[in-house]
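Chain and residue survey
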Amino acid sequence: MSADFTGQVTLDGPSGTGKSSVARAVAARIDAAYLDTGAMYRAATVAVLDAGVDPEDGEAVAGVVARARIDVGTTAGAELVQVDGVDVAERIRSAEVTRAVSAVSAVPAVRRQLVDQQRALVAAADAVVVEGRDIGTVVLPGATCKIYLTAAPEARAQRRAGQLGVTDDAEIVAIAADLRRRDEYDSTREDSPLRPAADAIVVDSTDLDRDQVVDRVVELAQQSVGVSR
Ligand code: DC
């Protein structure tokens, strides 16, 4: 019955919760499109860095992003991220982009531009899983099913270290510090701070493996449209 889901599943939460891999797997299970809004802010950051603009200079950042064409795909299995027609799918994951993206994504004009684009992409899909920070609160307040995925900070740092193949304790401590810095930045910015929507269901993944989280989100998505398993 999984193909019977229609509507939008929003998956918000801080970094390192396994959100992306959960969102992709859920999209595959319920036969939905998938939109990674973080990839859009990362692509905008590539444009800013390539233009040689300081990511903290909001006005200059807004100007560069307004002129950039940012394209992202909505198929879970095939990551497509382009800036002005150039593939940046790998570059958006670089440390340089990760360091600068919070500042770029805090610029209100950048958010307005990308939110408009996100809503248009969502409107084109019958069923879609959308991952980000403000999807349930700002981008799609009327979404069918809102999930806020969270996990204890230590578990998030361990998970991120695992993804990066890092085993050194000092490096894990540095990863934890970077996650805390980004959380702090993302949750305290004035425009669309990271927080659960009032009607979001909070899923804590600290003691769950990825498949258990996917099962739980699929179940919640199906319940939201009255589909029994
Ligand atoms: O999920 P991610 O790490 O790829 O997101 C990259 C950055 O973009 C993150 O620091 C917060 C920001 N972001 C945002 O502000 N709003 C979203 N909807 C998605 C991401």
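This text gives an overview of the structure that appears in the document. (Residues numbered from 1 in each chain as written. Predicted model: local features only at pLDDT ≥ 70, side-chain atom pairs only at ≥ 80, totals over all residues. Heavy atoms only, no water.)

In space, the three strands of this open sheet follow the order 3-4-5, with antiparallel pairing throughout. Every other strand in the sheet has two partners, leaving strand 3 (70–72) and strand 5 (86–87) as the edge strands with one partner each. For strand 4 (residues 81–83) and strand 5, the ladder comprises two bridges, and the chain directions are antiparallel. Its bridge partner being in strand 5, Val 83 is matched across the sheet by Val 86. (Pairing = 2+ DSSP bridges. Helix = DSSP H or I, 4+ residues; strand = E, 2+ residues; numbered from the N terminus.)

Okay, the sheet that holds strand 2 (residues 33–36) next. The parallel open sheet is built from five strands, whose spatial order is 2-6-1-7-8. Where the open sheet ends on each side, the last strands, each with one partner, are strand 2 and strand 8 (201–204). Averaged over all pairs of adjacent strands, the angle between their axes in this sheet comes to 20°, without regard to strand direction. Of the strand pairs in this sheet, strand 2 and strand 6 (residues 127–132) are connected by four bridges, and their pairing is parallel. (Axes fitted to C-alpha atoms, helices over the stretch in contact; angles between N-to-C directions.)

What follows is about the pairing of strand 6. Counted residue by residue, strand 6 has six buried out of six residues, so it is predominantly covered. Because side chains alternate across strand 6, one face comprises the buried residues Ala 127, Val 129 and Glu 131, and the other comprises Val 128, Val 130 and Gly 132, equally buried. Relative to strand 6, strand 1 (residues 7–12) is paired through six bridges, and the arrangement is parallel. Along strand 6, the bridge assignment pairs Leu 11 with Glu 131. (Buried < 20%, exposed > 50% of the residue type's maximum accessible area, 1.4 Å probe, protein only.)

Below, the discussion takes up the site of the ligand. Taken together, 16 residues form the shell around the ligand, and within it Arg 42, Arg 111, Arg 133, Asp 134 and Arg 189 come nearest. Take Asp 134: an N or O atom from its side chain is 2.8 Å from a nitrogen atom of the ligand. Residue Arg 182 places a side-chain N or O atom 3.2 Å away from an oxygen atom belonging to the ligand. Protein chains bury 96% of the 450 Å² of accessible surface belonging to the ligand in isolation. For the shell around the ligand, the elements supplying multiple residues, two or more each, are helix 2 (37–50), helix 4 (95–105) and helix 8 (169–188). Sorting elements by how many residues they give to the shell around the ligand places helix 2 first, with four residues. Considered class by class, the residues forming the shell around the ligand number three nonpolar, five polar and eight charged. (Near = heavy atom within 4 Å. Polar contact = N/O pair within 3.5 Å; in protein donor to acceptor, adjacent residues only side chain to side chain. Areas by Shrake-Rupley, 256 points an atom, 1.4 Å probe, with all protein chains shown as cover. Nonpolar A, V, L, I, M, F, W, Y, C, P; charged D, E, K, R; others polar.)

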